[in-house]
Amino acid sequence: MMSQGATSGDMDLATRGIRVMAGIVDFIIGVAVIVVASIIGITIGGEDSSLSNTLATIFWIVYMVGVWFMVATSGQSPGKRLLGIKIVKLSDGNVPGWGTTLLRELLGKIVSWLVLMLGFIWILFDEKNQGWHDKIASTVVVRAG
């Protein structure tokens, strides 16, 4: 944890590569959740694709709420946990909490996706390895530990 008044220079920022890998892991898990839900829906509903679509949507929403809970309470998504990094507030180095998490994960990531994913690509050029969603929520990703 970072002490009051410390700067991001005092934090052990996660590398761009580790952030990308964690994002890929989270994406793969999200896709797997949707695929499993779709298979269950097809198995139960037969040719009625509406059940498959409904289950996929419900499973994805449950997964996302679970991820948001993990980020709000520990600063880590499944991918970040696996790769040993976490999200912290730039101001004090603490885990994000609910308000910051919703700002970062919902509004911030929508904005980061909107313009050809430039908000995520921004991580590659930013001195603190921040994407637009990090800047919007005043967070950074650091090595956990």
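About the thresholds
- Residues numbered from 1 in each chain as written.
- Predicted model: local features only at pLDDT ≥ 70, side-chain atom pairs only at ≥ 80, totals over all residues.
- Heavy atoms only, no water.
- Axes fitted to C-alpha atoms, helices over the stretch in contact; angles between N-to-C directions.
- Helix = DSSP H or I, 4+ residues; strand = E, 2+ residues; numbered from the N terminus.
- Left-handed = near helix turned anticlockwise from the far one by under 90°.
- Contact = heavy atoms within 4.5 Å.
- Parallel < 35°, antiparallel > 145°, perpendicular 65-115°, else oblique.
- Nonpolar A, V, L, I, M, F, W, Y, C, P; charged D, E, K, R; others polar.
- Phe/Tyr/Trp six-rings, centres within 6.5 Å; stacked < 30°, edge-to-face > 60°.
- Buried < 20%, exposed > 50% of the residue type's maximum accessible area, 1.4 Å probe, protein only.

A. Here's a closer look at the packing of helix 1 (residues 16–45) against helix 2 (residues 49–74). Helix 2 packs onto helix 1 with a crossing angle of 145 degrees between their chain directions and a minimal axis gap of 7 Å. In the packing of helix 1 onto helix 2, the handedness of the crossing is right-handed. On helix 2, the residues that touch Asp26, Ile29, Gly30, Val33, Ile34, Ala37, Ser38, Ile40, Gly41, Ile42, Ile44 and Gly45 of helix 1 are Leu51, Ser52, Leu55, Ala56, Phe59, Trp60 and Tyr63.

B. Structural detail: the packing of helix 2 against helix 4 (residues 97–114). Contact pair helix 2 / helix 4: the axes reach a minimum separation of 8 Å and the direction vectors enclose 130 degrees. When the interaxial angle is binned, helix 2 and helix 4 end up oblique. In this structure, helix 2 meets helix 4 at a crossing whose hand is right-handed. Residues Trp68, Phe69, Val71 and Ala72 of helix 2 form the contact with helix 4, whose participating residues are Gly97, Trp98, Thr101, Leu102, Glu105 and Leu106. A class-by-class count of the residues in the contact of helix 2 with helix 4 yields seven nonpolar, two polar and one charged.

C. How the structure looks around the packing of aromatic side chains. Following the criterion strictly, the structure yields three aromatic pairs and no others. With centroids separated by 6.1 Å and ring planes inclined at 50 degrees, the aromatic side chains of Phe69 and Trp98 adopt a geometry described as tilted. One end of the pair, Phe69, is in helix 2; the other, Trp98, is in helix 4, and 29 residues separate them in sequence. By relative accessible area, Phe69 is classed as partly exposed at 46%. Aromatic pair Trp122 and Trp132: ring centres 6.2 Å apart, planes at 55 degrees, arrangement tilted. Linking Trp122 in the loop between helix 5 (118–121) and helix 6 (132–137) with Trp132 in helix 6, this pair joins segments that are 10 residues apart in sequence. A residue is classified by how much of its surface remains accessible, and Trp122, at 40% relative accessible area, is partly exposed.

D. Inspection of unusual backbone geometry at higher detail. The phi angle at Leu116 is positive, at roughly 50 degrees, despite the residue not being glycine. Mapped onto the secondary structure, Leu116 falls in the loop between helix 4 and helix 5. Owing to a relative accessible area of 74%, Leu116 belongs among the exposed residues under this scheme. A positive phi angle is found at Ser138, which is not glycine, with a value near 55 degrees.

E. Summary view of the environment of Asn53. One can find Asn53 in helix 2. By relative accessible area, which is 48% here, Asn53 ends up partly exposed.

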